[in-house]
Amino acid sequence: MRYGLQLRTLDAFADPRETVRVAAAAEEAGWEALLVWDHLAWASYGVPSADPWVTLGACAAATSRIQLGTAVTPLPRRRPHVVAQQLASLSLATGGRVVFGAGLGGPRGEYERFGEDADERRRAAMLDEGLEVVAALLTGEPVDHHGEHYIVDGVALQPPPLRPVPFWIGGGSPRALRRAARWDGWLANSSDDSGNRYSPDETAELVASLRRNGAGPNFDVCFIGYAAQADLAAYAAAGVTWWIENLRGDVAGVLDRVSPGPPGETLP
């Protein structure tokens, strides 16, 4: 099992410089990934929030080993061709240290307050089609796509990423699990402000569902949770390949949690 971090880029972390401090501390302490939120929280929650791509670019300049990505980008709220270019540019800036977390997006206000349709069925259709568009563009080959929501008319994205970008798909519904199984990993919606949502046994059942839906042997299962409340060995046995520590609190508290390093270096 590998160890990463999820950081809410809200409140004090709306300042990208604070996230850069966390990224540098995480790399020094031995964490292997840092994933940041992608929210317009100033529109939905009424709290400050940072742009994830600017933030990750700044983290790229301050690190050399840790993987960087989003958890998760609400692809229906973004243009897939722009996201593809952002991922490719971030790959070049980091030497290929990029993962792409994607999902429907949560708060309806981040759509409706800007005149966009927040209907979940429509967002799901846009997400599925958008993922295909992003993946096709990231190959660097010419793309012809004429779908229900997106058009790409014989365009080749250049420059492409340095190496293939893993797609980790968020969500916990049966449809989200089926979607995730078609890609490279699942970002489990596995904790909230107070604790872990899935026990190891429940996680094992969800992993079995992913396998039934076609997830391959190299598929990543990323549990976002609180290690202090968890039997990490049991989660590893359940099929979790990445433990993503769910960071909450102010800057000092987050740095205190990050600096000691990952919690389970001796686990398989």
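Everything numeric here is computed off the predicted structure, so don't read it as measured data. (Residues numbered from 1 in each chain as written. Predicted model: local features only at pLDDT ≥ 70, side-chain atom pairs only at ≥ 80, totals over all residues. Heavy atoms only, no water.)

(A) Looking closely at the nonpolar core. Core analysis: the biggest nonpolar cluster contains 67 residues, and Phe100 and Trp186 have the highest contact counts within it. Residue contributions to this core peak at seven residues, all from helix 6 (residues 120-138). What Phe100 contacts, discounting residues up to four positions off in sequence, is Trp53, Thr70, Thr73, Leu75, Val83, Leu87, Leu131, Val134, Val165, Pro166, Phe167 and Trp168. In this structure, Ala33, Leu35, Ile224 and Ile244 belong to the second largest nonpolar core, which totals ten residues. (Core = buried A, V, L, I, M, F, W, Y, C linked by side-chain atoms within 4.5 Å. Buried < 20%, exposed > 50% of the residue type's maximum accessible area, 1.4 Å probe, protein only. Helix = DSSP H or I, 4+ residues; strand = E, 2+ residues; numbered from the N terminus. Contact = heavy atoms within 4.5 Å.)

(B) Quick look at the pairing of strand 9 (residues 185-188). Every second residue of strand 9 is oriented toward a common face, with Gly185 and Leu187 on one face and Trp186 and Ala188 on the other, all of them buried. Inspection of the sheet shows strand 8 (residues 167-170) paired to strand 9 by three bridges, in the parallel sense. Each residue of the ladder has a partner; that of Gly170, found in strand 9, is Leu187. Sheet topology note: the strand 9/strand 10 (residues 220-225) ladder contains four bridges and is parallel. Within strand 10, the residue paired with Ala188 across the bridge is Phe223. For the crossover that starts at strand 9, traverses helix 8 (residues 200-212) and ends in the parallel strand 10, the hand is right-handed. (Pairing = 2+ DSSP bridges. Right-handed = clockwise from strand over helix to strand, strands pointing away.)

(C) View of the packing of helix 4 (residues 80-94) against helix 6. Running from amino to carboxyl end, helix 4 crosses helix 6 at an angle of 45 degrees, the nearest separation of the two axes being 9 Å. The angle between helix 4 and helix 6 places the two elements in the oblique class. Considering how the two elements wind past one another, helix 4 and helix 6 form a crossing that is right-handed. Residues Pro80, His81, Ala84, Leu87 and Ala88 of helix 4 lie in contact with helix 6, whose contacting residues are Gly130, Val133, Val134, Leu137 and Leu138. Counted by class, the contact of helix 4 with helix 6 contains eight nonpolar, two polar and no charged residues. (Axes fitted to C-alpha atoms, helices over the stretch in contact; angles between N-to-C directions. Parallel < 35°, antiparallel > 145°, perpendicular 65-115°, else oblique. Left-handed = near helix turned anticlockwise from the far one by under 90°. Nonpolar A, V, L, I, M, F, W, Y, C, P; charged D, E, K, R; others polar.)

(D) Spotlight on the pattern of salt bridges. Counted according to the given criterion, the structure contains 14 salt bridges. The partner of Asp38 in a salt bridge is Arg77, with the nearest N and O atoms 3.3 Å apart. Remark: Arg77 occurs in the loop between strand 4 (73-74) and helix 4 and Asp38 occurs in the loop between strand 2 (33-36) and helix 2 (41-44); sequence separation between them is 39 residues. Exposure remark for Asp38: the relative accessible area of 2% places this residue in the buried category. Taking relative accessible area as the criterion, Arg77 reaches 12% and is therefore assigned buried. (Salt bridge = Lys/Arg side-chain N within 4 Å of Asp/Glu carboxyl O.)

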